Structure formats: C-alpha cells, structure tokens
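One letter stands for each residue in the lines below.
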Amino acid sequence: MQKDTGLFITVEGIEGVGKSTNIEWIKQCLEARNIQCIVTREPGGTLLAEKIRQLLLEVQEEPVTELSELLLVFAARAQHVERLIKPTLSQGQWVICDRFTDATYAYQGGGRGIHRSTIAELELLVQGQLKPDLTIILDLDPAIGLARAQQRASLDRFEQEEIAFFEKVRKAYLEIAAAEPERCVIIDASQNLDVVKSNILLALQQRVFNGE
Ligand code: TMP
C-alpha cells in the first residue's frame, strides 16, 4: 500500500481492551521503520475537540439525548479531521488514532440504537472520502474489559453504562470487521500482552509494511 500521503491507522475496542498500551506499541513499530507518525484520539485531538470530549465524557446533570451525543461526536470529528488528520496525512506523516468513526457505529449505532444511515450521512458530510487504511479492533469480553476499566480512578459517562450496552457495542464492532475485512483486523485482547503485540505487528507487516 504505497501512497504519497501518510497512512491512517485506527485502533478500536470497548473500554479496558488495552488500547493505550497497544497504540504505544504501534508507534514503536512505525518508528523502528523510520516512519514519521503522530498519535491522536477521538473524541479529541485538537483544543476545541478536546473541550467537546470533556462535554461528552463528564457525567451531566441534564440527561444527554442520543442525537446531541451523536452531533457532539461529529462536531469534534469535523474539527479533528480538518485541523489535524488531513493536514498531517498530506505532509506524508502517518496518523495513529485512538478510536474514529467505527466507534460511532459501535457506541451510538450499536449501543444507543441510532440508525446506520443517519451515521453514514454525517460520516460523508464530515469526512468525505477519508477512511482509515487499517483498523485494529481489540476484542474482549465486556465483563473483563469493564472490570479493568473500573480499576481506574473514576468512571466517565460511558463507563457507567450497563454491561448489556457494551455487549451491543462489541457486537457492532465484530459486524464492522466482518463487513470490511480488507480494512479491519480483529485481535483477541484476552491473550497475554506479548501475544497481542506480536499479532498487531503481524497485521502491520501484512497490511501496511509491505511484508517487511
Ligand atoms: P476513551 O477514548 O477513553 O476510550 O473514551 C472515549 C469514550 O467515548 C468511549 O467510551 C467511547 C466513546 N465514543 C463514542 O461513544 N463515540 C465515538 O464516536 C467515539 C470516538 C467515542
């Protein structure tokens, strides 16, 4: 997969799958090949988008409607795509992003029940043709993931959801992976960290490092 622009790699999964550790590993794998890259996240990645992230994650006194949540996610993404992701890719640097639009299909679509076509319309409006070149989906039983996430200091608005919500999110991720096998790789995140890392490296070698 040779392009003048950088490649766009996203990492997805429910809470507690180990995204941060594995994103750090992906960065090391790229740097070992002298590939310049940045790591960013969604919601977030720019000053304004990080403010929107705060609004989305903090527990609100006023119930957040599903549509408000969806529009806030895409408002943050519009800023992130135009201000950071596209300019970085066009400079030839790679972008590793902790979550992207698959999270919207999984959380707002699978989890909250918003129709796929509504999300697809906003996706087209905000991203145009921009899509990840590779998406790594870390898959884990929500009971294990949530137990890990609950060991952290305090739970955000999403982490306070019932396990049934995360079962739906996980199912949606697996459906995305089945529908787009060229773009998505599922990695079993219940395995030992060294095994997870070597499976990620293998996916990078096969899909974006041209076998190196
Ligand atoms: P995290 O990045 O720390 O995992 O937290 C971000 C939270 O935001 C996570 O619970 C998933 C949620 N989220 C959505 O609901 N929709 C989205 O499109 C994105 C990017 C994240």
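Scroll up to find the structure.
(A) Representation of the overall build of the protein within the structure. When you go through the protein residue by residue, the secondary structure sums to 8 helices and 5 strands. Its helices and strands taken in sequence order, the protein reads β-α-β-α-α-β-α-α-β-α-α-β-α from the N to the C terminus. By the compact-globule yardstick of 17 Å for 212 residues, the protein fits well, its C-alpha radius of gyration being 16 Å. For the protein, the spread of C-alpha atoms along the three principal axes comes to 50 × 35 × 30 Å. Burial statistics for the protein: of 212 residues in total, 48% are counted as buried. Of the contacts made within the protein by residues no fewer than 6 positions apart, 80% connect residues no fewer than 24 positions apart.

(B) Spatial organisation of the layout of surface pockets. By volume, the largest pocket amounts to about 650 Å³. Along the walls of the largest pocket sit 29 residues, with Glu15, Lys19, Arg53, Arg99 and Asp156 positioned nearest its centre. Top contributing element to the lining of the largest pocket by residue count: helix α4 (residues 101-111), with 4 residues. Residue classes in the lining of the largest pocket are distributed as 10 nonpolar, 6 polar and 13 charged. Approximately 320 Å³ is the volume attributed to the second largest pocket. If you trace the second largest pocket, you find 22 residues lining it, with Tyr105, Arg116, Ala172, Glu175 and Ile176 closest to the centre. Those elements that place two or more of their residues in the lining of the second largest pocket are α4, α5 (116-127) and α7 (163-179). If you tally residues by element for the lining of the second largest pocket, the top one is α7, at 6 residues. Among the residues forming the lining of the second largest pocket, the class breakdown is 8 nonpolar, 5 polar and 9 charged.

(C) Quick look at empty space enclosed by the protein. Inspection of the entire model under this criterion finds 1 cavity of 30 Å³ or more. Taken as a whole, the largest cavity encloses approximately 30 Å³ of empty space. Along its surface, the largest cavity is lined by Gly13, Ile14, Ile137, Leu138, Asp139, Arg170, Tyr173 and Leu174. Those elements that place two or more of their residues in the lining of the largest cavity are β4 (134-139) and α7. Among the residues forming the lining of the largest cavity, the class breakdown is 5 nonpolar, 1 polar and 2 charged.

The rules behind the values
Residues numbered from 1 in each chain as written. Predicted model: local features only at pLDDT ≥ 70, side-chain atom pairs only at ≥ 80, totals over all residues. Heavy atoms only, no water. Helix = DSSP H or I, 4+ residues; strand = E, 2+ residues; numbered from the N terminus. Rg over C-alpha atoms; globule rule 2.2 N^0.38 Å. Buried < 20%, exposed > 50% of the residue type's maximum accessible area, 1.4 Å probe, protein only. Contact = heavy atoms within 4.5 Å. 1 Å grid on protein atoms, 1.4 Å probe; cavity = no way out; pocket = protein on both sides within 12 Å on 5 of 7 lines; lining within 4 Å. Points joined across faces, edges and corners; volume = space filled by probe spheres on them. Nonpolar A, V, L, I, M, F, W, Y, C, P; charged D, E, K, R; others polar.

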